[in-house]
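So the chains spell out like this:
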Amino acid sequence: NNGAFKRRFGFKPTMLSAEETERHTGHKVGGVCPFALNEDLEVYLDVSLKRFPVVYPAAGTSNSAIPLSPDELYFLANASDWVEVGKIIE
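Below you will find a few notes about this structure. (Residues numbered from 1 in each chain as written. Predicted model: local features only at pLDDT ≥ 70, side-chain atom pairs only at ≥ 80, totals over all residues. Heavy atoms only, no water.)

The subject of this paragraph is the overall build of the protein. For the protein, the helix and strand inventory stands at three helices and two strands. Across the protein, helices and strands are ordered from the amino to the carboxyl terminus as α-α-β-α-β. Here the protein, with 90 residues, has 27% of them falling under the buried criterion. When contacts within the protein are restricted to residue pairs at least 6 apart in sequence, those whose partners lie at least 24 apart make up 50%. By element, 53% of the accessible surface of the protein is carried by carbon and sulfur atoms, the whole surface being about 6,500 Å². Across the protein, 9 positive and 12 negative side-chain charges occur, with their mean positions spaced 9 Å apart. (Helix = DSSP H or I, 4+ residues; strand = E, 2+ residues; numbered from the N terminus. Buried < 20%, exposed > 50% of the residue type's maximum accessible area, 1.4 Å probe, protein only. Contact = heavy atoms within 4.5 Å. Areas by Shrake-Rupley, 256 points an atom, 1.4 Å probe, with all protein chains shown as cover. Lys, Arg positive; Asp, Glu negative; His and termini not counted. Charge placed at Lys NZ, Arg CZ, Asp CG, Glu CD.)

Rendered as structure tokens:
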């Protein structure tokens, strides 16, 4: 939800290129993990994740994932905050 993102963060969201993504996170597109990042990046999690008992974030490669509760993910990612910027498709 671009409008909600802009209201929360003060700028329009844009997608990074594959090269920029890997440079900033240390992970290739498809395997970007919200923890074990290269740089001191702020991680935000969308509140829509809370509707699931278990989520499966990528674990560093395009064919790996780890089952975590949303609260475990928040802790492991050292997340800065829960935000409401996604659109739930019904």
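In terms of nonpolar packing, the biggest core is built from ten residues, these being C33, F35, V43, L45, V55, L68, L73, A77, A79 and W82. With near-sequence residues (within four places) excluded, V55 lies in contact with L49, I66, P67, L68, P70 and L73. (Core = buried A, V, L, I, M, F, W, Y, C linked by side-chain atoms within 4.5 Å.)

As a further point, take the packing of aromatic side chains. Summed over the entire model, instances satisfying the criterion amount to four aromatic pairs. One aromatic cluster is present, formed by F5, F9, F11 and Y44 through successive ring pairs. It is R8 that lies over the ring of F9; its NZ or CZ is 5.0 Å from the centre. (Phe/Tyr/Trp six-rings, centres within 6.5 Å; stacked < 30°, edge-to-face > 60°. Lys NZ or Arg CZ within 6 Å of the ring centre and 35° of its normal.)

Right, let's get into the environment of A58. Note on placement: A58 falls in the loop between β1 (44-46) and α3 (70-76). A relative accessible area of 18% means that A58 is categorised as buried. In sequence terms A58 and G10 are 48 residues apart; their C-alpha atoms lie 28 Å from each other. When neighbours within four sequence positions are excluded, A58 is seen to be in contact with G30, G31, V32, C33, P34, S64 and A65.

Bringing helix α1 (residues 2-9) into the picture now. By the N-cap criterion, in which a side-chain oxygen at the helix start approaches the backbone nitrogen of a residue two or three places on, α1 is capped by N1, the distance to G3 being 3.2 Å. Following α1 by one or two positions, G10 adopts a phi angle in the positive range, close to 85 degrees. (Polar contact = N/O pair within 3.5 Å; in protein donor to acceptor, adjacent residues only side chain to side chain.)

By secondary structure assignment, the location of T25 is in helix α2 (residues 18-25). According to the relative accessible area criterion, T25 is buried, its value standing at 9%. Polar contacts involving the side chain of T25 include one to the main-chain carbonyl oxygen of T21, which spans 2.7 Å. With near-sequence residues (within four places) excluded, T25 lies in contact with V32, A36, L37, N38 and L41.

This paragraph deals with unusual backbone geometry. Positive phi values are uncommon outside glycine, yet A36 reaches one of about 60 degrees. Note that A36 resides in the loop between α2 and β1. The exposure class assigned to A36 is exposed, which follows from its relative accessible area of 62%. In this structure, N78 is a non-glycine residue whose phi angle is positive, near 50 degrees. Turning to its location among the elements, N78 is positioned in the loop between α3 and β2 (81-83).

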